[in-house]
Amino acid sequence: MASIPGDRGLAASVDDRGVARVLVDRPARKNSMDSATSAALIELLGGWAVDPAVRVVVIGAPGRDFCTGADLIEMATAKASASEEEARGRAERTINTGSDIVRSIRALQVPVVAVVDGAAVGIGASIAFAADLIYASETAYFLLAFVNIGLMPDGAATSTVAAAVGRARANELALLGERLPATQAYTDGLVTAVLPSEALADKADQVVDKLLAASPRALALTKKAIDAQTMAGFELALKLETEGQTELLQSPEFVALIAAFAGKRKNQTVASQ
């Protein structure tokens, strides 16, 4: 699997059958998403969306985590804005990037398979839930942790989760911010299947083989019809998430949390020297 040029935190490939694979590959940051990785993923998925050779897209990650959310270290070490206007602009860019990632996933007319091992947190959970077929290991878990840091779900999680589990359960997951084990996610209808970690790759390969044997046009039209019924509120959800998250990213609570996080990181660095 080829790495994306530069330090952009992805590894990607397309084989001769048209199977495109992308891995978030930032193990030192527990596969969290920084701005460079996010931009690379959007660019990559956009290219695959218009590539007729691509038949299936598989999203995964190496190691012990699928994706642990946005990179708080990047946020904490960014320079303080010189003005309120700059702060708002930075917040809008942050939330728009998350929205564009899931838009890029949903824009793919081919089936998208997520292979989740370990933690899928924040935008990581949103990325997984945006896939068409989601296979998780028995040790995987999902966490819409946004409320725990003074934010709200983004990456269309307010749409994809509600579409899968209904209003009451979606409110519980989003408002309480509690860890959701993969086995419970399966019971709730959020994932397709749960398997032992060692069986996950083989299962994904079997699913890919079956998708490749089907008519590409039939798969595309089926996706379109199901999305019309279950994801009708997708763009509205992104709009409301953008408005709300832009406000919350500038809130005193979140600013204070990031400042405390930056201070903790600084102290840890000094102590290790």
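Below: a short report on this structure. Model, not experiment: these values are computed from the prediction.

1. Here's the deal with the environment of glycine 118
Thought 1: Structurally, glycine 118 is set in the loop between β6 (112-116) and β7 (119-121).
Thought 2: Assessed through its relative accessible area of 7%, glycine 118 is described here as buried.
Thought 3: Once the C-alpha coordinates of glycine 118 and glutamate 138 are considered, the two residues, 20 residues apart in sequence, prove to be 8.7 Å apart.
Thought 4: Among residues more than four places away in sequence, those in contact with glycine 118 are Arg64, Asp65, Phe66, Ser137, Thr139, Ala140 and Tyr141.

2. Quick look at the packing of aromatic side chains
Thought 1: Tallying each qualifying case throughout the model produces one aromatic pair.
Thought 2: Of note, arginine 179 hangs over the ring of tyrosine 141, and the distance from its end group to the ring centre comes to 3.7 Å.

3. Regarding the sheet that holds β7
Thought 1: Pairing within the open sheet is mixed, and its four strands lie in the order β5-β7-β9-β10. The open sheet is flanked by β5 (65-67) and β10 (180-181), the only strands paired with a single partner.
Thought 2: Bridging between strand β9 (residues 141-143) and β10 involves two bridges; their strand directions are antiparallel. Looking at β10, one finds that tyrosine 141 is bridged to proline 181.

4. Structural notes on the packing of helix α5 (residues 157-165) against helix α6 (residues 167-176)
Thought 1: Two elements in contact, α5 and α6, have axes whose closest approach is 7 Å; the angle formed by their N-to-C orientations is 135 degrees. Judged on the interaxial angle alone, α6 and α5 are oblique. You can see that α5 and α6 cross each other, and the crossing is right-handed. In this structure, α5 uses Val161, Ala162 and Val165 to contact α6, whose residues at the interface are Arg167, Arg169, Ala170 and Leu173.
Thought 2: Residues that form the contact of α5 with α6 fall into these classes: five nonpolar, no polar and two charged.

5. As for the nonpolar core
Thought 1: Trp48, Val57, Val116, Ile127, Phe142, Val161 and Leu190 are the most contacted members of the largest nonpolar core, which has 57 residues in total.
Thought 2: With residues up to four places along the chain from it excluded, the contact list for phenylalanine 142 reads Val116, Ala120, Ala128, Phe129, Ala136, Glu178, Arg179, Leu180, Ala182, Ala185 and Val191.
Thought 3: Counting residues in each nonpolar core, the second largest holds 15 residues, with Val58, Val115, Ala204 and Leu212 among its members.

6. Focus on the pattern of salt bridges
Thought 1: For the structure shown, the criterion picks out 13 salt bridges.
Thought 2: With a closest N to O distance of 3.4 Å, arginine 21 and aspartate 205 form a salt bridge. Note that arginine 21 is positioned in strand β3 (residues 19-24) and aspartate 205 in helix α8 (residues 197-212), a separation of 184 residues in sequence.
Thought 3: On the accessibility criterion, arginine 21 (21% relative accessible area) is partly exposed.
Thought 4: Here the residues in one salt-bridge network are Arg106, Asp132, Lys223 and Asp227, joined through shared partners.

7. Details of the packing of α5 against helix α10 (residues 234-248)
Thought 1: Their axes nearest at 8 Å, the elements α5 and α10 cross at an angle of 135 degrees. Classified by the angle their axes make, α5 and α10 are oblique. The segment α5 lies against α10, with Ala157, Thr158 and Ser159 engaging Phe234, Ala237 and Glu241.
Thought 2: Looking at the contact of α5 with α10 residue by residue, the classes come out as three nonpolar, two polar and one charged.

8. Let's talk about the environment of threonine 242
Thought 1: Topologically, threonine 242 is positioned in helix α10.
Thought 2: Measuring from C-alpha to C-alpha, the distance between threonine 242 and threonine 94 comes to 9.3 Å, with 148 residues separating the pair along the chain.
Thought 3: With residues near it in sequence (within four places) discarded, threonine 242 still touches Ile95, Asn96 and Ser99.

9. Things to note about the pairing of strand β2 (residues 10-14)
Thought 1: Summarising the sheet, β2 and β3 pair through five bridges and their orientation is antiparallel. Bridge assignment links leucine 10 to a residue of β3, and that residue is valine 24.
Thought 2: Taking the residues that link successive antiparallel strands as the turn, the β2-β3 hairpin has four residues, and the phi of glycine 18 there is positive, at about 90 degrees.

Definitions and limits used
- Residues numbered from 1 in each chain as written.
- Predicted model: local features only at pLDDT ≥ 70, side-chain atom pairs only at ≥ 80, totals over all residues.
- Heavy atoms only, no water.
- Helix = DSSP H or I, 4+ residues; strand = E, 2+ residues; numbered from the N terminus.
- Buried < 20%, exposed > 50% of the residue type's maximum accessible area, 1.4 Å probe, protein only.
- Contact = heavy atoms within 4.5 Å.
- Phe/Tyr/Trp six-rings, centres within 6.5 Å; stacked < 30°, edge-to-face > 60°.
- Lys NZ or Arg CZ within 6 Å of the ring centre and 35° of its normal.
- Pairing = 2+ DSSP bridges.
- Axes fitted to C-alpha atoms, helices over the stretch in contact; angles between N-to-C directions.
- Parallel < 35°, antiparallel > 145°, perpendicular 65-115°, else oblique.
- Left-handed = near helix turned anticlockwise from the far one by under 90°.
- Nonpolar A, V, L, I, M, F, W, Y, C, P; charged D, E, K, R; others polar.
- Core = buried A, V, L, I, M, F, W, Y, C linked by side-chain atoms within 4.5 Å.
- Salt bridge = Lys/Arg side-chain N within 4 Å of Asp/Glu carboxyl O.

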